[in-house]
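# Chains, contacts and geometry: an overview
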Amino acid sequence: MSLVELKRVAGQRSCDECVLHPLCRPALVGVDDIEKLAGAVLARRPLPKDAALFRAGEPMRSVFISQSGAFKTVAVNEAGDEQVIGFYFPGELIGLEGLGDGRFRTDAIALEPVQVCEVPLPALERVAAQRPDFQRQMMRALGEGMARHQDHLEMLGRKQAQERIAMFLHGLAERQQRLGRDPTHMQLAMSRSDIGSYLGLVIETVSRGLSRLQDDGVIEVKGRSLKVLQPGVLARLAHGEDGELACAGRR
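A brief structural summary. Treat the numbers as computed from the prediction; the structure is a model and nothing was measured.

The rules behind the values
Residue indices begin from 1 for each chain and proceed along its sequence in written order. For this predicted model, a pLDDT threshold of at least 70 governs which residues receive local features, and a threshold of 80 or more governs which side-chain atom pairs are given and counted, while totals over whole chains, interfaces and linings are taken from all residues. Just so you know, side-chain values use all the structure's heavy atoms and leave hydrogens and water out. Throughout, exposure labels follow a simple rule: accessible area from a 1.4 Å probe, protein chains only, divided by the maximum for the residue type, with under 20% read as buried, over 50% as exposed, and the rest as partly exposed. A run of DSSP states H or I qualifies as a helix once it reaches four residues; a run of E qualifies as a strand once it reaches two. Both are numbered from the N-terminal end. In this description, a line fitted to the C-alpha atoms serves as the axis of each element, helices being fitted only across the stretch in contact, and the angle between N-to-C directions of two axes falls anywhere from 0 to 180 degrees. Convention used here: angles under 35 degrees read as roughly parallel, angles over 145 as roughly antiparallel, angles from 65 to 115 as roughly perpendicular, and any remaining angle as oblique. Between two residues, a contact is recorded if the distance between any of their heavy atoms is within 4.5 Å. Gly is placed with the polar residues, together with every amino acid not listed as nonpolar (Ala, Val, Leu, Ile, Met, Phe, Trp, Tyr, Cys and Pro) or charged (Asp, Glu, Lys and Arg). Any two strands between which DSSP finds at least two bridges are classified as paired.

### Some words on helix H9 (residues 231-238)
Those residues of H9 that fall on the buried side of the exposure criterion are Val-233, Leu-234, Ala-235, Leu-237 and Ala-238. Downstream of H9 by a residue or two, Gly-240 has a phi angle that is positive, lying close to 65°.

The following block contains the structure:
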């Protein structure tokens, strides 16, 4: 589907009015560059929950942006055991880790019904060759992906489960803020099991940890809706700086 057709489907007359614009800007660039990605570049398609956007080992011909809905990336070892490696939200580029050898390194699975935009690599390369600011934005996206990977390794290195959970929630809040959304209100598209796999914890530990944070008045959880009541306390817990609450979480 061309960008023109996409705008017609969305009932919009320009990129400024298109629902993709505020979501794509954090991951890509401004309106003029999105216009340059016209034709077959932005092809939006729906995926149901649990559908695979791509599989590990497949050739990387495009990167993707979720227009609505979240994804998880999953690594599978030789024994068939799965581990959640990352989560992606609307406006974030998915699949950049495949740039190294030209193949995707994980499975990308929809956590809920999603609308996803596909951006073929040749189109990105053409725009990047013409626009240095586009190159800088792509480098920024790559850097943010590397930073999330580093944060994940740091979470797994924390000895206390409560610190891992606090760091995870604090990281989600920071990503919400970078994407221009309210960092204190989140919808957790991922399950407790997914969070446990990502943090190297069993589901019971995740549930207890969230309950303890709620009992301490740091967060409020209703189903998959989470509200951060004390962002400062959550940040201190994430950095291991709030001994009193951390100790309370271990009891």
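### A look at the packing of helix H7 (residues 192-199) against helix H8 (residues 203-215)
Closest axis-to-axis distance for the H7/H8 pair is 8 Å, and the angle between their directions is 105°. If you check the angle between H7 and H8, you find them roughly perpendicular. For the pair H7 and H8, the contacting residues are Arg-192, Ser-193, Ile-195 and Gly-196 in the first and Ile-203, Val-206, Ser-207 and Leu-210 in the second. When the residues that make up the contact of H7 with H8 are grouped by side-chain class, the tally is four nonpolar, three polar and one charged.

### Side note on unusual backbone geometry
What you tend to see is this: most non-glycine residues have negative phi, and most peptide bonds are trans. A positive phi angle, close to 75°, is found at Asp-50, a residue other than glycine. With respect to the secondary-structure elements, Asp-50 resides in the loop between strand S1 (43-47) and strand S2 (52-54). With relative accessibility at 56%, the residue Asp-50 sits in the exposed group.

### A short note on the sheet that holds strand S10 (residues 219-222)
With antiparallel pairing, the three strands of this open sheet are ordered in space as S9-S11-S10. Among the strands making up the open sheet, the edge pair consists of strand S9 (185-187) and S10. Taking each pair of neighbouring strands and ignoring which way they run, the sheet shows an average axis angle of 15°. Summarising the sheet, S10 and strand S11 (residues 225-228) pair through four bridges and their orientation is antiparallel. Within S11, the position partnered with Glu-220 by the bridge is Lys-227.

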